[in-house]
Amino acid sequence: MTLRLTALAALLTATTMTAHAGILTTDGVTFTSNWSGNVLTLEIDAAQRSGGWSGATGLAALAIKGVGTYSSVSVTGGPGGTDAWKLSTSELKASGCSGTSNGAAGSRMCFYGQQIALVDDMVFKFTFNGASVATNEPHVKVEFVDARGNKVGSLLSQVLPASPPATTPSTPTAPVTPVTPVVPVIPDIPTTSAGTQTNTTADTTADTKTPTGTPDVASPSGTPAALPPQEDLPSTLPAKGPDVVQTPSGSATGPANVPEPESIALLLGGLGLMGLVLRRRPR
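Trainee: Explain the overall build of the chain to me, using residue names and the numbers behind them.
Mentor: Along the chain, the regular secondary structure elements total 3 helices and 12 strands. Residues classed as buried in the chain amount to 25% of the 283 residues present. Taking contacts inside the chain between residues at least 6 apart in sequence as the whole, the part at least 24 apart equals 65%. Element-wise, carbon and sulfur atoms account for 59% of the exposed surface of the chain, whose accessible area totals about 19000 Å².

So this is what it looks like as structure tokens:
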């Protein structure tokens, strides 16, 4: 039972000490903080310093507070030249830090010593121990000095705000184009004035018909000659036309002409007259 409670407490402690990152840029100097468990990593990039810190050449002190109450603190990493620096629980002021705590319990800390050159990638790592350590955004102070060790510019005294979580941009969805249904187009069928459909075959055949009362004209080869174009023909024809006579040569002609009674009478009269003349001729 005791083992289970210990494991549960360790799990809860690891859960509460999640990683938090903060970033702040002032006068060309960027401060970045990151928690990993109970280890706080602080990075200072000061190569492009400007404004009130443009005349600074070194860093002489670094102070952190706002991380709850710790039972002990130790420096587990730092730039070259900080090996001889000291830890104190005093407040960083314009005159610097005072006293030595050697990592004793407290709610704030000051890390100071002989100044080191201001460059990029100045990384400090502090390990805070204790159940009351809060992995919040830390409140940071710095003391920048010139070549003589005199303070230059402000002490910063700012909280490093947590950086917003990175978000993955959503992929835009392509607009859906509505599908237009295809309606079949039915062609209109022309009709006559009487309401009956026009026979296209009859229209084609009508071009080869011989008008009534017009004698057929045959070519010397025996094939009927082409008829001259007819003008002012009606645009529609009856649904059923007269029978078409197919000639031996394959050409279609109209119906045979029927002689009128006057023509028959004239023909009979002529034949009778010719017979009378022949009869009276001397033998």
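The discussion continues.
Trainee: Any details on the sheet that holds strand β6 (residues 86–88)? Residues and values, ideally.
Mentor: Taking strand neighbours across the sheet as the criterion, the 5 strands line up as β6-β7-β4-β9-β10 in an open arrangement whose pairing is antiparallel. Each end of this open sheet is capped by a strand with a single partner; those strands are β6 and β10 (158–159). Bridge count for strand β9 (residues 139–145) against β10 is 2 bridges, and the pairing is antiparallel. Bridge pairing links Val140 to Gln158 in β10.

Trainee: I'd like to hear about empty space enclosed by the protein, residue by residue, with values.
Mentor: For the structure on display, the rule yields 1 cavity of 30 Å³ or more. Space inside the largest cavity adds up to approximately 50 Å³. Together, Ala63, Ile64, Lys65, Ser90, Glu91, Leu92, Arg108, Met109, His139, Val140 and Lys141 line the largest cavity. Residue assignment for the lining of the largest cavity shows that the elements contributing at least two residues are β4 (58–70), β7 (106–117) and β9. Residue composition of the lining of the largest cavity, grouped by class: 5 nonpolar, 2 polar and 4 charged.

Trainee: I'd like to hear about the sheet that holds strand β3 (residues 39–45), residue by residue, with values.
Mentor: Pairing in this open sheet of 5 strands is antiparallel, and the strands run β1-β2-β3-β8-β5 from one edge to the other. Each edge of the open sheet carries a strand with a single partner, namely β1 (21–26) and β5 (72–77). Each adjacent strand pair in this sheet contributes to an overall mean axis angle of 20°, direction not counted. Taken together, the 5 bridges between β5 and strand β8 (residues 122–129) define a ladder with antiparallel strand orientation. Across the sheet, residue Ser72 finds its bridge partner in β8, namely Asn129.

Trainee: Which residues make up helix α3 (residues 261–280), and what values do they have?
Mentor: Helix length check: α3 (20 residues) gives 29 Å between terminal C-alpha atoms against 28 Å at 1.5 Å per residue, within 8%. Burial runs low along α3: only 0 of the 20 residues are buried.

Trainee: Would you mind going over the state of the cysteines in detail, with residue names and values included?
Mentor: On inspection of all chains with the given rule, the structure shows 1 disulfide. Each sulfur of the disulfide joining Cys97 and Cys110 lies 1.5 Å from the other. Of note, the bridge from Cys97 to Cys110 carries an S-S torsion of about 65° and is right-handed in sense. Taken as a pair, Cys97 in the loop between β6 and β7 and Cys110 in strand β7 lie far apart in primary sequence, 13 residues in all. Among the residues examined, Cys97 registers a relative accessible area of 15% and is labelled buried. What makes Cys110 buried here is its relative accessible area of 0%.

Trainee: Any details on the nonpolar core? Residues and values, ideally.
Mentor: Leu59, Phe128 and Val142 are the most contacted members of the largest nonpolar core, which totals 33 residues. With 5 residues, β4 is the single largest residue contributor to this core. Counting residues in hydrophobic clusters, the runner-up holds 6 residues, among them Ala63, Cys97, Cys110 and Tyr112.

What counts and how
- Residues numbered from 1 in each chain as written.
- Predicted model: local features only at pLDDT ≥ 70, side-chain atom pairs only at ≥ 80, totals over all residues.
- Heavy atoms only, no water.
- Helix = DSSP H or I, 4+ residues; strand = E, 2+ residues; numbered from the N terminus.
- Buried < 20%, exposed > 50% of the residue type's maximum accessible area, 1.4 Å probe, protein only.
- Contact = heavy atoms within 4.5 Å.
- Areas by Shrake-Rupley, 256 points an atom, 1.4 Å probe, with all protein chains shown as cover.
- Pairing = 2+ DSSP bridges.
- 1 Å grid on protein atoms, 1.4 Å probe; cavity = no way out; pocket = protein on both sides within 12 Å on 5 of 7 lines; lining within 4 Å.
- Points joined across faces, edges and corners; volume = space filled by probe spheres on them.
- Nonpolar A, V, L, I, M, F, W, Y, C, P; charged D, E, K, R; others polar.
- Axes fitted to C-alpha atoms, helices over the stretch in contact; angles between N-to-C directions.
- Expected span 1.5 Å × (residues − 1).
- Disulfide = S-S within 2.5 Å.
- Core = buried A, V, L, I, M, F, W, Y, C linked by side-chain atoms within 4.5 Å.

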